[in-house]
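One-letter residues, chain by chain:
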Amino acid sequence: MKCPICGREVIPGGSLCDRHTAAYRNLLEGFKTWSKAMEIGWKDYLKAIISNPAAGRWVKEVARRLVEEEG
Amino acid sequence: MRGGHTLIIAEKFDAAQRIASALSEGPPTKKTYRGIPYFEFKRNGRKYVVAPAMGHLYTVTQRAGDRSLYPVFEYTWAPRHLAERGAKKIKTIISAIEKLSRRASEFINATDYDVEGSLIGYMILKHACGGAEKKAKRMKFSTLTPEELNQAFERLMPSLDFEMAEAGRTRHEVDWLYGVNLSRALILSVEKQLKKHFTLSIGRVQGPTLKLLCEREYEINSFVPTPYWEIQAEAIIGGSRYRVEFERNRLPSLREAEAVVSACKGRTGTITSVVEKTSRRMPPEPFDLGSLQREAYRFFGYTPSRTLNIAERLYLNALISYPRTSSQKLPPTINYEAILKGLAENPSYRKLAEKVLEGGELKPVEGAREDPAHPAIYPTGKLPEAPLSKDDSRIYDLVVKRFLAAFGKPSIRLMVKVSMEVEGYKFTLNGRRIIEEGWISLYKPYAEFEEKPLPPLKQGEKVLLERVEYVQKFTEPPPRYNPASLLKAMEELELGTKATRAEIIETLYQRGYIRGERITVTDVGFTVVEAFSKYCPTIISVEFTRNLERQLYAIERGEESRENVLSEALEELKPVVEELKKAEENLGGTLSKAIQAENLRRRLVGSCPSCGTGSLVILRSRRTGKRFIGCTNFFTGKCRQAYPLPQRGRLTVSDKPCKLCGWPTLTLKLKGKRPFTFCINPECPSRRDKS
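Residues numbered from 1 in each chain as written. Chains lettered and ligands numbered in written order. Predicted model: local features only at pLDDT ≥ 70, side-chain atom pairs only at ≥ 80, totals over all residues. Heavy atoms only, no water.

Q: So what's going on with the nonpolar core? Which residues, and what values?
A: Leu-27 of chain A together with Leu-7, Ile-97, Ile-124, Phe-427 and Phe-532 of chain B are the most contacted members of the largest nonpolar core, which has 139 residues in total. In terms of residues, this core owes the most to one element, helix H6 (residues 162-194) of chain B, which gives 13 residues. When near neighbours in sequence (up to four residues on either side) are disregarded, Phe-427 of chain B contacts Ile-231, Ala-233, Val-244, Glu-245, Phe-246, Cys-264, Val-418, Ser-419, Met-420, Val-422 and Leu-465 of chain B. Listed in part, the 66 residues of the second largest apolar core include Phe-41, Ala-110, Leu-292 and Ala-296 of chain B. (Core = buried A, V, L, I, M, F, W, Y, C linked by side-chain atoms within 4.5 Å. Buried < 20%, exposed > 50% of the residue type's maximum accessible area, 1.4 Å probe, protein only. Helix = DSSP H or I, 4+ residues; strand = E, 2+ residues; numbered from the N terminus. Contact = heavy atoms within 4.5 Å.)

Encoded structure:
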């Protein structure tokens, strides 16, 4: 199976490749910190990540896909 | 003394000329053999001939068989012109040395005194001088000044430094075995897929270095920034305004930041303490090659390989000592006083050199690192024979001032910390002032001290926090490596040697594995590392290379044998090559995709302003073969948008848009010229200015 974001092989038992899986994990961890730091919902968090210049390329790609998927 | 002359082998032409001039009783005679220059002179009635090499004249090569296949474990040492394309001149140099050695009864190796130099001399004496390596003597020197060359000649080592040559020989053989087998695995796997040749390579040091860069790229690409808040405040003390710092650099939540602002804004507090402290800063240690390369990058933006080339040139002009050194020591034997007096002859350094000479006992600060072969890099004190180029004079100035600074007194600063409390929150105000400049005065403009003077403030004095604000900030990913910080990381991890690190970094650029000054790993670079991590992780592991490096140093010290190191290296390599052979198809598939994507990315200029659906790419006309910028819809006839391009030189798409019109820009590099960046928009004001 191919990663829907980059077309690389997905990791065993996963739905994304190793790079985007790691990025997704970091995104989930990051949300915990962001929620403690300020009042922010999941969707606004993703949008903030997409527009943040310090956020990593793979993290932004995952965030964009999640925004698209969740409408 | 036997009949016949003494043949002296030098590493390069410039070195040969300096050796001949220094040792000759009168001016030496320059002669040529089939266009190859050499020098003859007399000393104490004896005839001497100095023949220059051109770096390595012999190299490791495959013993027999097809030179594109692998695995290959049978090798031999051969003249470079038989193993490499474009090395024709080597043949003439070897025959010149062969001819000059025929009548020689004594031999001296006067190549650079390090592993590579020793190997160069050893191979020439062994193969071109009929086995003269057994009876040859060795000249050891760190500068090409007449004084040191004469001294080295008077104190010749009775035999060659065989351990160093042996370490060099083993390094070349191990690197060849790894480089050839692994690189051919990469090249063939791609060739089979794309039916086209691509130059790819991977080696014992290249692999772990690229992995290091990939790990950083992983961290950056999967980095999630965390928000934090910073308190910015200004206080009025005694009628003056000061920027003060909050006790905590980062507040993890907006709520906490708001609480500080609402509690402190416009409130009055008091100074709780004023603490003054003096601090001493010692001069920086003398330059080894790595620290010179880093400092040159910091001040002039020179890549490590550019700095090494410049330093090498300065050495050959007898202006600085041998630059390929890991030493940070300046032994008294180099004669500090003579060097400083020499520098004082140069109007640019007269005042500084005299200041050091008048400062009492000459005792330089030294770093911890040592090199058994050479001291730290230092100026010889000789005046340049001709005006130096801009590059040369910059590096020379850096070396001279670093040397002078090493004799400087410590710099003494007064640090003042004013602590204050407002509504239970603590703020500080920091001031600094120089009491004694010390070595800083000798190392300008490379060291500066920014003063922040404070008026006398007293405990108990009132403080009004007039402005208090919070600013939201985000954590940053780890910085990208640049050539200088990568060099430092390689040094710390013991990857490669002082002589090879700069070249390894250049190779990574040339292969298209990395790009940019702030280094980014390309998809091809990633794929190479991922493939090796999957099929043979040992090859790209830092530990593996470091251990091998240590074994090579052990050979240099005579504590390990070449045979042991080679057999261990082969034992490790053979199963890896087998694995790669089995995985050739998969490896080729992923690498080919990455290469194609990278090739397209390199040619991609931007989106087409005319049709809006295509992209502008650098194309070649099918009819004329000329290059131009065209829309991807050009060949289907949907869009005819095209822009002309210069036909000569290397073009790269720049990542910076035009400052005047915002269109994409390209950088043109013509051989021997500075890169030139231009806008592709024919209507851009920047192009009108030119015409």
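Q: Talk me through the environment of Glu-154 of chain B; I want residue IDs and the actual numbers.
A: All names here are of chain B. Residue placement: Glu-154 occurs in helix H5 (residues 146-154). The class for Glu-154 is exposed, based on a relative accessible area of 56%. As a C-alpha pair, Glu-154 and Arg-169 span 15 residues in sequence and 28 Å in three-dimensional space.

Q: Could you give me a rundown of the side chain of Thr-380 of chain B, with the residues and numbers involved?
A: Residues and elements named next belong to chain B. Within the element layout of this structure, Thr-380 appears in the loop between helix H12 (350-358) and helix H13 (390-406). With relative accessibility at 11%, the residue Thr-380 sits in the buried group. Polar side-chain contacts of Thr-380 include one of 2.6 Å to the backbone oxygen of Ala-318. One polar contact links the side chain of Thr-380 to the main-chain amide nitrogen of Lys-382, over a distance of 3.2 Å. (Polar contact = N/O pair within 3.5 Å; in protein donor to acceptor, adjacent residues only side chain to side chain.)

Q: So what about the interface of chain B and chain A? Which residues, and what values?
A: Between chain B and chain A, the contact holds 21 residues from the first and 21 residues from the second. Carbon and sulfur atoms make up 58% of the surface buried where chain B meets chain A, a total of about 1,600 Å² over both sides. Contact with chain A buries surface across chain B, with Asn-221, Ser-222 and Val-224 of chain B losing the most and accounting together for 32% of the total. Of all the secondary-structure elements, those providing two or more residues to the side of chain B that touches chain A are helix H7 (206-221), strand E9 (227-237), strand E14 (462-474) and helix H16 (523-535) of chain B. When its residues are assigned to classes, the side of chain B that touches chain A shows 12 nonpolar, six polar and three charged. (Buried area = accessible area lost by both parts, 1.4 Å probe. Nonpolar A, V, L, I, M, F, W, Y, C, P; charged D, E, K, R; others polar.)

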